[in-house]
Amino acid sequence: MHDIKAIRDNPEAFEAFEAAWSAKGRSGAAAEAVRLDAQLRAAQTALQESQAKRNEASKRIGMAKAQKDEAQAQTLMAEVETLKALMAEAAVLEAEAGSQLKDLLASLPNIPAHDVPPGEDEAGNIEIRRWGDASTLPAGRLNAPKDHVDLGAALGGMDFEAAARMSGARFVVLKGQIARLERALGQFMLDLQTVQHDYIEVSPPLLVKDEALYGTGQLPKFAEDLFRTTAEHWLIPTAEVSLTNIVREQIIDEAALPLRMTALTPSFRSEAGASGRDTRGMIRQHQFYKVELVSITTPDQSEAEHERMVGCAEAVLKALKLPFRTMLLCTGDMGFGARKTYDLEVWLPSQNTFREISSCSNCGDFQARRMDARFRKAGEKGTQYVHTLNGSGLAVGRTLVAVLENYQDENGVITVPEVLVPYMGGITHLGGQA
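Overview of the structure. (Residues numbered from 1 in each chain as written. Predicted model: local features only at pLDDT ≥ 70, side-chain atom pairs only at ≥ 80, totals over all residues. Heavy atoms only, no water.)

Concerning the nonpolar core
Okay, step 1: In this structure, Leu181 and Leu185 are the most contacted members of the largest nonpolar core, which totals 48 residues.
Okay, step 2: Those elements that place two or more of their residues in this core are helix H7 (176-196), strand E10 (287-297), helix H10 (302-320), strand E11 (324-328), strand E12 (340-348), strand E13 (353-362), strand E16 (387-395) and helix H12 (396-406).
Okay, step 3: The greatest single-element share of this core, amounting to eight residues, is contributed by H7. (Core = buried A, V, L, I, M, F, W, Y, C linked by side-chain atoms within 4.5 Å. Buried < 20%, exposed > 50% of the residue type's maximum accessible area, 1.4 Å probe, protein only. Helix = DSSP H or I, 4+ residues; strand = E, 2+ residues; numbered from the N terminus.)

Here is the structure:
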């Protein structure tokens, strides 16, 4: 959600919003917002003026009756009826303009930060840094590394056919050591973020109401990407929704910020816009586990907190010794609610390329305005909107894929990364002893 007053009263802000929205295919959106705002304020003024005149006329009716001036009383009563009609008309115009303005502002994406590179799609993204050397891992010595689907099938721990029989496409049944490896990854990530990086562990609801998804920006624009129940709840597409909405309609003391939260939950996505993409394997599924990171900060903390969050996500890949690169997304590749986003892309040997495994975004006050989440500085009466940030730390399924592929040897045996061995009960290899 955006501040219509800033768009209306600040020419520089107006130009920035207009340019950003035009780049997203919404040319003229800022001008339309200002036009609807003018209509709304005109209707409000007309309503207030009619109310004042009606109140004054009503007082004069009493005075006329006290003076037994029936003719004057009748004239004033007729005036009151006319003013009531004008008030009703102004109220309708106010409601219509207000609804249209709210719907328009709710449909418009966040404004990119000043240092976000321009671009239309992922081709405009900029590589910030790269870490790790794939050749030092077991798969780096193979001429033709297998993909995770073949590796999982050979180990008897990945069954897409059984999942399809019960649930359809884009699901998987994990069994045995691979199921345990998935669990180990999630627990390791959660422990890393809580113990080393001071995130508070949260176990949030997986079902939320419309208002929660509106607050974080998934509704109304992305309803088709979500799963809705018959009880009018939605399955969360990410724990970002639940964690961020914890501060919904709250006023937080500045001393409590930054507030850092993490959760390991399933995520549910319809993948409506991904038809035909990544149909093989676990890269793009309807259900997957993810460790989510959410920070609530003051405006002056959010930029530094964003860099910190990216480092916390990178720490998982470094601990697992998985090669990755960090990308700064361009304007055309960022999500709806983000003002700045970094993606982490992990190396997948079978595809000979990097694939996204984490996305860390600073949303500024975009979500806070939609949720009415504020903070108060000590000794001050007024409040300000908080800034919200979210990131994956990491997507567990894609991390499982990366571990299987990077740690495979020529016999299909998977070496368990050293940091995961304690979570695996001492197991060091999947599929036998190397």
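Let's talk about the packing of aromatic side chains
The description of an aromatic ring pair uses the distance of the two centres, along with the angle that the planes make with each other.
Okay, step 1: Evaluated as defined, the whole model comprises six aromatic pairs.
Okay, step 2: A centroid spacing of 5.5 Å and a plane angle of 75° characterise the contact between Phe222 and Phe336, whose relative ring orientation is edge-to-face. Residue Phe222 is found in the loop between helix H8 (210-216) and strand E6 (227-228), and its partner Phe336 is found in the loop between E11 and E12; the two are separated by 114 residues along the sequence.
Okay, step 3: A relative accessible area of 27% means that Phe222 is categorised as partly exposed.
Okay, step 4: A centroid spacing of 5.1 Å and a plane angle of 70° characterise the contact between Trp347 and Phe354, whose relative ring orientation is edge-to-face. Of the two residues examined, Trp347 and Phe354, each falls in the buried class.
Okay, step 5: Ring-pair connections join several aromatic residues into one group, and the members of that group are Phe222, Phe336 and Phe366.
Okay, step 6: The ring of Tyr214 has Arg370 lying over it, and the distance from NZ or CZ to the ring centre is 4.2 Å.
Okay, step 7: Above the face of the Tyr385 ring, Arg374 is positioned so that its terminal group lies 4.4 Å from the ring centre. (Phe/Tyr/Trp six-rings, centres within 6.5 Å; stacked < 30°, edge-to-face > 60°. Lys NZ or Arg CZ within 6 Å of the ring centre and 35° of its normal.)

Focus: the sheet that holds strand E8 (residues 251-253)
Okay, step 1: On the basis of which strands lie adjacent, the open sheet formed by three strands has the order E8-E14-E15 and mixed pairing. Either end of the sheet is taken by a strand with one partner, and the two such strands are E8 and strand E15 (384-385).
Okay, step 2: Judged from the three bridges that link them, E8 and strand E14 (residues 374-376) form a sheet pairing that is parallel. Its bridge partner being in E14, Ile252 is matched across the sheet by Phe375. (Pairing = 2+ DSSP bridges.)

Here we look at the packing of H7 against H10
When two helices pack together, their arrangement is given by the angle between the helix axes and by the axis-to-axis distance.
Okay, step 1: Look at H7 against H10: their axes get within 10 Å of each other, and the N-to-C directions meet at 130°. It follows from the interaxial angle that H7 and H10 lie oblique. The two elements H7 and H10 meet at a crossing, and its hand is right-handed. Side by side, H7 and H10 meet where Leu185, Phe188, Met189, Leu192 and Gln193 of the first sit next to Cys312, Ala313, Ala315, Val316, Ala319 and Leu320 of the second.
Okay, step 2: Looking at side-chain class alone, the contact of H7 with H10 contains 10 nonpolar, one polar and no charged residues. (Axes fitted to C-alpha atoms, helices over the stretch in contact; angles between N-to-C directions. Parallel < 35°, antiparallel > 145°, perpendicular 65-115°, else oblique. Left-handed = near helix turned anticlockwise from the far one by under 90°. Contact = heavy atoms within 4.5 Å. Nonpolar A, V, L, I, M, F, W, Y, C, P; charged D, E, K, R; others polar.)

Regarding the pattern of salt bridges
Okay, step 1: Scanning the model with the defined rule gives 23 salt bridges in all.
Okay, step 2: The residue Arg369 makes a salt bridge to Asp3 at a minimum N-O spacing of 3.7 Å. Taken together, the residues Arg369 in helix H11 (residues 366-371) and Asp3 in the segment before helix H1 (4-9) connect sequence positions 366 residues apart.
Okay, step 3: Owing to a relative accessible area of 22%, Arg369 belongs among the partly exposed residues under this scheme.
Okay, step 4: For Asp3, a relative accessible area of 27% translates into the label partly exposed.
Okay, step 5: A salt bridge links Glu32 to Arg35, with the nearest nitrogen and oxygen atoms 2.6 Å apart. Residue Glu32 and its partner Arg35 are both found in helix H3 (residues 29-66); the two are separated by three residues, about one turn of the helix.
Okay, step 6: Judged by relative accessible area, Glu32 falls into the partly exposed class, the value being 29%. (Salt bridge = Lys/Arg side-chain N within 4 Å of Asp/Glu carboxyl O.)

Focus: the side chain of Asn362
Okay, step 1: Secondary-structure assignment places Asn362 in strand E13.
Okay, step 2: For Asn362, a relative accessible area of 3% corresponds to the buried category.
Okay, step 3: A polar side-chain atom of Asn362 sits 3.4 Å from a polar atom in the side chain of Ser302.
Okay, step 4: At 2.9 Å, the side chain of Asn362 forms a polar contact with the backbone nitrogen of Gly364.
Okay, step 5: Apart from residues no more than four positions distant in its own chain, Asn362 is found in contact with Ser302, Glu303, His306, Ala338, Arg339, Lys340, Thr388 and Leu389. (Polar contact = N/O pair within 3.5 Å; in protein donor to acceptor, adjacent residues only side chain to side chain.)

Side note on the packing of H7 against H12
Okay, step 1: Contact geometry for H7 and H12: axes closest at 10 Å, N-to-C directions at 115°. Seen along the crossing, H7 lies across H12 with a hand that is right-handed. Residues Ile178, Leu181, Glu182, Leu185, Gly186 and Met189 of H7 form the contact with H12, whose participating residues are Val396, Thr399, Leu400, Val403 and Leu404.

Coordinates in, geometry out; function isn't part of it.
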